[in-house]
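Structural overview
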Amino acid sequence: MPGVTTLALASALAACLTGIGGYAYGVHVGTAQEQAAQKARDDARETLRQQAQGRIDTSAQAHQAREYARQTTVRDIYHESEKIIDRPVYGAACIDADGVRLLDRAAATANGQREPDPAGPAAQPSAAPAR
């Protein structure tokens, strides 16, 4: 009965080949499904990234507009200031009469004393050379 043995071997071989083919097909389908799932995850991640980038860009533009407005205001303040020089600060005498009066008043206030009477102008600075 060599025919029955050959037939049994042939059917066993066919079953093995069918199993191997089914396994290969299953691996191929599984790989394709996994790749499709990975692509879906990547697409979702990319969508979230683009949304976050859009929010970042919008925030950056708003910040830049606020910063530009702030700098414009600061520039106007700097440009609008002017210097007025009434009299020179340092001359032959270190401090003029008004300066001495202000210093005396500040010292009296700091020491808790009552302010001196502003009865008249302060004495003229001495003719001694400044140190």
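The text that follows walks through the structure, step by step, so that each part is easy to find. One numbering rule holds for all chains: residues counted from 1, following each sequence as written. Local features are withheld for residues below a pLDDT of 70 in this predicted model, meaning they are given only at 70 or higher, and side-chain atom pairs are given and counted only at 80 or more; totals for whole chains, interfaces and linings count all residues. Computation of side-chain values: all heavy atoms of the structure, hydrogens and water removed.

**Regarding the overall build of the chain**
Numbering of helices and strands runs from the N terminus, with a helix taken as a DSSP run of H or I at least four residues long and a strand as a DSSP run of E at least two residues long. Broken down by element type, the chain carries two helices and zero strands. Counting the 131 residues in the chain, one finds 2% classified as buried. Buried, partly exposed and exposed residues are distinguished by accessible area as a fraction of the type maximum, computed with a 1.4 Å probe on protein chains only: under 20%, between the cut-offs, and over 50%, respectively.

**Details of the pattern of salt bridges**
For this analysis, a salt bridge means a side-chain nitrogen from Lys or Arg found within 4 Å of a carboxyl oxygen belonging to Asp or Glu. Under the criterion given, the structure shown has six salt bridges. Taking the shortest distance from any N to any O, the salt bridge between Asp42 and Arg45 comes out at 2.9 Å. Remark: Arg45 and Asp42 occur in helix H1 (residues 2–80); sequence separation between them is three residues, near one turn of the helix. Overall, the relative accessible area of 31% leaves Asp42 in the partly exposed class.

**Some details on a nonpolar patch on the surface**
Residues enter a patch when their relative accessible area is above 30% and they make no salt bridge; the linking distance is 9 Å between like charges and 5 Å between nonpolar side chains (Val, Leu, Ile, Met, Phe, Trp, Tyr). Throughout, the Shrake-Rupley method with a 1.4 Å probe supplies accessible areas, and for residues the shown protein chains are the sole cover considered. Among the surface-exposed residues, Leu13, Leu17 and Ile20 lie close enough to one another that they form a single nonpolar patch of about 320 Å² accessible area. Its place among the elements puts Ile20 in helix H1. Its relative accessible area of 55% is what places Ile20 among the exposed residues.

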